[in-house]
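Residues per chain, in single letters:
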Amino acid sequence: HSLNANELEILSDGIVGVDEKGKILFKQTGSLEDALLAHGSYYNIDDENTIAEVEIVETVGNQFFVPGFIDTHIHASQYPNVGIFGHSTLLDWLETYTFPLEGSYTDTNRAAEVYNKVVSRGLANGTTMASYYGTIHVPATVCLAQIAQQLGQRALVGRVCMERFCPEAVQDASIESDRDFVDKVLALDETGQHVKPIITPRFAPSCTMETMKGLAKLARERDLPIQTHISENSREIAWVKDLFPECENYTDVYDKANLLKHDTVLAHAVHLADSEVEVIKKRDSGISHCPVSNASIASGIAPIKSYLDKNVKVSLGSDVSGGFTTSILANAREALLMSRLLSERTGNSNDVLSVGNVLFIATLGGAEVCNASNFVGNFAVGKQWDAQLINLDVEGSPVDVFSWQLPKDPVERIEHLVHKWMYVGDDRNTAKVWVDGKLVVDK
Ligand code: GUN
Ligand code: FE
């Protein structure tokens, strides 16, 4: 698990103790017996027999635990379109593929069918928390929150607000719809740790300044997070400049609208000027890096390592269906590859991301961006057990491990396995998934 952007802690003989509410009680190394006895009062261990009452999940062979992935930007409603984008780029992709599909979510039954599939697919890929875009439709988007809750995935769920430059079927910027949506989702979960509404102006071109200011006010009044897109594609950026001539740049549009706060998720951030990065950092907002989407609809390469070096909060987003996969593992891999291409272009070796860097943005970085790092993101004592058991030996695994090639040193051995998983693995290797200590996937 990640301690920070640069430190991946590998406990080759680690033991994590979890209570019945899924909270991590202890994390230590050494023998299982010693660990259980040291916490014997919690486990009511007074003689050898009672140890059997503790459920023990042990790694065997080429297995290890990692924290659950956090997908900080995914359009659940666009899932039927994965893989379907032709040669389009952002603005014609929205017109051709995206708006017509989103318009169909007046049909809540159809929405439920899609949302069941996309949440299940995310969980099967190890995603224990996601920040979702639904559509403008309140009933369908409430349904998304209910499905995430039923299937046991943590979710920030956004009703999309948009009012212009799109077909009428996907226009609804009424603040009443947002209030209605917020009340309904808040009623599902009073803790806010499982499902929570997130205020969602689609992106600057979709909304007037007045509407964005109204949404920012609502988010601040109700203490809710915000998500939107920023600086994804060069034509989009030029368009924003035309639409908001009074603003210095894309970031300034959101800043003037009061949308930038500590729990604002900004998807893409591909082409930001340094001065924009400074403002985002000053407001403590976070970035969702969406590398598969940025490659697919040819948006560009975001300089993620430089954001990390500037201590800007960064996470990973699948951006389905700009991105064609719900897999955060695939996005972490793409982030690695794109950073290497960027470094080749800039000549700056410092642009290269490490495996540790991308595991951080896939987990703890996501928790920081979603304002959830006080309860998830790594295996720190006191957080909730949101975790994946990775098994490289599973039947049908795409990963081949050669035991004679494994380093002798136990930590280096795990490192070797993590690299294999990162570059070669897929959801077949995600054997079990827990959220809040509860097993939600068992393959
Ligand atoms: N910008 C505005 N809407 C969208 C969307 O649905 N996906 C992506 N990737 N960018 C957007
Ligand atoms: Fe998006």
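You'll find the protein chain entered in an unreviewed UniProt entry as Guanine deaminase, with Wickerhamiella sorbophila given as the organism. UniProt's Function (unreviewed entry) comment on the protein chain is quoted here verbatim: "Catalyzes the hydrolytic deamination of guanine, producing xanthine and ammonia." As recorded by UniProt, the Sequence similarities (unreviewed entry) comment attached to the protein chain reads in full: "Belongs to the metallo-dependent hydrolases superfamily. ATZ/TRZ family."

**Q** In this structure, what is going on with the overall build of the protein chain? I would like to understand it.
**A** Each helix and strand in the protein chain was counted, giving 16 helices and 16 strands. Considering only C-alpha atoms, the protein chain reaches an extent of 70 × 50 × 40 Å along its principal axes.

**Q** Please explain the domain arrangement of the protein chain as it appears in this structure.
**A** Many analyses report the size of an interface as the accessible area lost when the parts associate. Structurally, the protein chain comprises domain 1 (14-66 + 382-442) and domain 2 (67-369). Element by element, the count of residues in the side of domain 1 that touches domain 2 is highest for helix H16 (residues 410-424), at 4 residues. Each residue belonging to the side of domain 1 that touches domain 2 can be placed in one class, and the counts come to 9 nonpolar, 4 polar and 4 charged.

**Q** Help me understand the UniProt feature "domain: Amidohydrolase-related" (unreviewed entry) in the protein chain, please; the structure alone is not making it clear to me.
**A** As annotated by UniProt and renumbered to match this structure, "domain: Amidohydrolase-related" (unreviewed entry) occupies residues 66-440. Each end of residues 66-440 is marked by a C-alpha atom, and these two atoms are 15 Å apart; helix forms 41% of the span and strand 16%.

**Q** Would you take a moment to explain the nonpolar core for this structure?
**A** The tendency in soluble globular proteins is for nonpolar side chains to be buried side by side. One finds Tyr115, Tyr132, Leu144, Ala155 and Val157 to be the most contacted residues of the largest nonpolar core, which totals 103 residues. The residues that make up this core include at least three from each of domain 1 (14-66 + 382-442) and domain 2 (67-369). With residues up to four places along the chain from it excluded, the contact list for Tyr132 reads Ile74, Ala76, Leu144, Ala155, Leu156, Val157 and Gly158. Among the nonpolar cores identified, the runner-up in size contains 8 residues, and Val66, Leu389, Leu392 and Trp421 belong to it.

**Q** Honestly, helix H14 (residues 355-362) in this entry has me stumped. Any pointers?
**A** Along an α-helix, residues three or four apart share an orientation, since each turn contains 3.6 residues. Summarising burial for H14: 6 of the 8 residues are buried, a large majority. Those residues of H14 lying buried are Asn357, Val358, Leu359, Phe360, Ile361 and Ala362. Those residues of H14 that are buried are in contact with strand S4 (69-75), strand S12 (286-289), helix H12 (304-309), strand S13 (313-316), helix H13 (328-346) and helix H15 (364-369).

**Q** When you look at the site of ligand 1 in this model, what are you seeing that I'm missing?
**A** Lining the immediate environment of ligand 1, one finds His75, Leu90, Leu94, Thr98, Arg202, Phe203, His229, Glu232, Ser293, Asp319 and Gly322. A per-element tally of the shell around ligand 1 places helix H3 (residues 90-102) first, with 3 residues. Split into classes, the residues belonging to the shell around ligand 1 amount to 3 nonpolar, 5 polar and 3 charged.

**Q** Is there a simple way to think about the sheet that holds strand S16 (residues 438-442) in this case?
**A** Within a sheet, adjacent strands bond to each other through the backbone by hydrogen bonds, running parallel or antiparallel. Pairing in this open sheet of 4 strands is antiparallel, and the strands run S3-S14-S15-S16 from one edge to the other. The open sheet has two edge strands with one neighbour each: strand S3 (63-67) and S16. Direction aside, neighbouring strands of the sheet carry axes that sit 20° apart on average. Inspection of the sheet shows strand S15 (residues 430-435) paired to S16 by 4 bridges, in the antiparallel sense. When the bridges of S16 are listed, Val435 appears paired with Lys438.

**Q** What exactly am I supposed to notice about the environment of Gln150 here?
**A** Turning to its location among the elements, Gln150 is positioned in helix H5 (residues 138-151). A sequence separation of 31 residues divides Gln150 from Phe181, and the C-alpha atoms of the two residues are 18 Å apart.

**Q** Teacher, can you tell me more about the packing of H13 against H14 here?
**A** When two helices pack together, their arrangement is given by the angle between the helix axes and by the axis-to-axis distance. As a packed pair, H13 and H14 sit with axes 9 Å apart at the nearest point and diverge in direction by 140°. Judged by the angle between their axes, H13 and H14 are oblique. Where H13 crosses over H14, the two elements pack in a sense that is right-handed. Contacts between H13 and H14 involve Ile328, Ala332, Ala335 and Leu336 from the first element and Val358, Leu359, Ile361 and Ala362 from the second. Looking at side-chain class alone, the contact of H13 with H14 contains 8 nonpolar, no polar and no charged residues.

**Q** Even after reading the chapter, I still don't get the packing of helix H4 (residues 108-124) against H5, so can you show me in this structure?
**A** Look at H4 against H5: their axes get within 9 Å of each other, and the N-to-C directions meet at 35°. Relative to H5, H4 is oriented so that their crossing is right-handed. Judged by residue contacts, Thr108, Ala111, Ala112, Tyr115, Asn116, Val119, Ser120 and Leu123 of H4 engage Pro139, Ala140, Cys143, Leu144, Ile147, Ala148 and Leu151 from H5. When grouped by side-chain class, the residues that make up the contact of H4 with H5 number 12 nonpolar, 3 polar and no charged.

**Q** I'm lost on unusual backbone geometry in this one. Help?
**A** Backbone geometry follows two general trends: most residues other than glycine have a negative phi, and most peptide bonds adopt the trans configuration. Omega for the peptide link from Val320 to Ser321 comes to 0°, which places this bond in the cis form. Looking at where Ser321 falls in the secondary structure, it is placed in the loop between S13 and H13. Unlike most non-glycine residues, Asn258 shows phi in positive territory, near 75°. Structurally, Asn258 can be placed in the loop between helix H9 (250-256) and strand S11 (264-268). Of note in this structure, Ala269 is not a glycine but carries a positive phi near 50°. Mapped onto the fold, Ala269 is located in the loop between S11 and helix H10 (274-282).

What counts, and at which threshold
Residues numbered from 1 in each chain as written. Chains lettered and ligands numbered in written order. Predicted model: local features only at pLDDT ≥ 70, side-chain atom pairs only at ≥ 80, totals over all residues. UniProt positions renumbered as here; feature names shortened; annotations may be inferred. Helix = DSSP H or I, 4+ residues; strand = E, 2+ residues; numbered from the N terminus. Domains from an automatic or database assignment. Nonpolar A, V, L, I, M, F, W, Y, C, P; charged D, E, K, R; others polar. Core = buried A, V, L, I, M, F, W, Y, C linked by C-beta atoms within 7 Å. Buried ≥ 20, exposed ≤ 12 C-beta atoms within 10 Å, placed from the backbone. Contact = placed C-beta atoms within 7 Å. Near = placed C-beta within 6 Å. Pairing = 2+ DSSP bridges. Axes fitted to C-alpha atoms, helices over the stretch in contact; angles between N-to-C directions. Parallel < 35°, antiparallel > 145°, perpendicular 65-115°, else oblique. Left-handed = near helix turned anticlockwise from the far one by under 90°.

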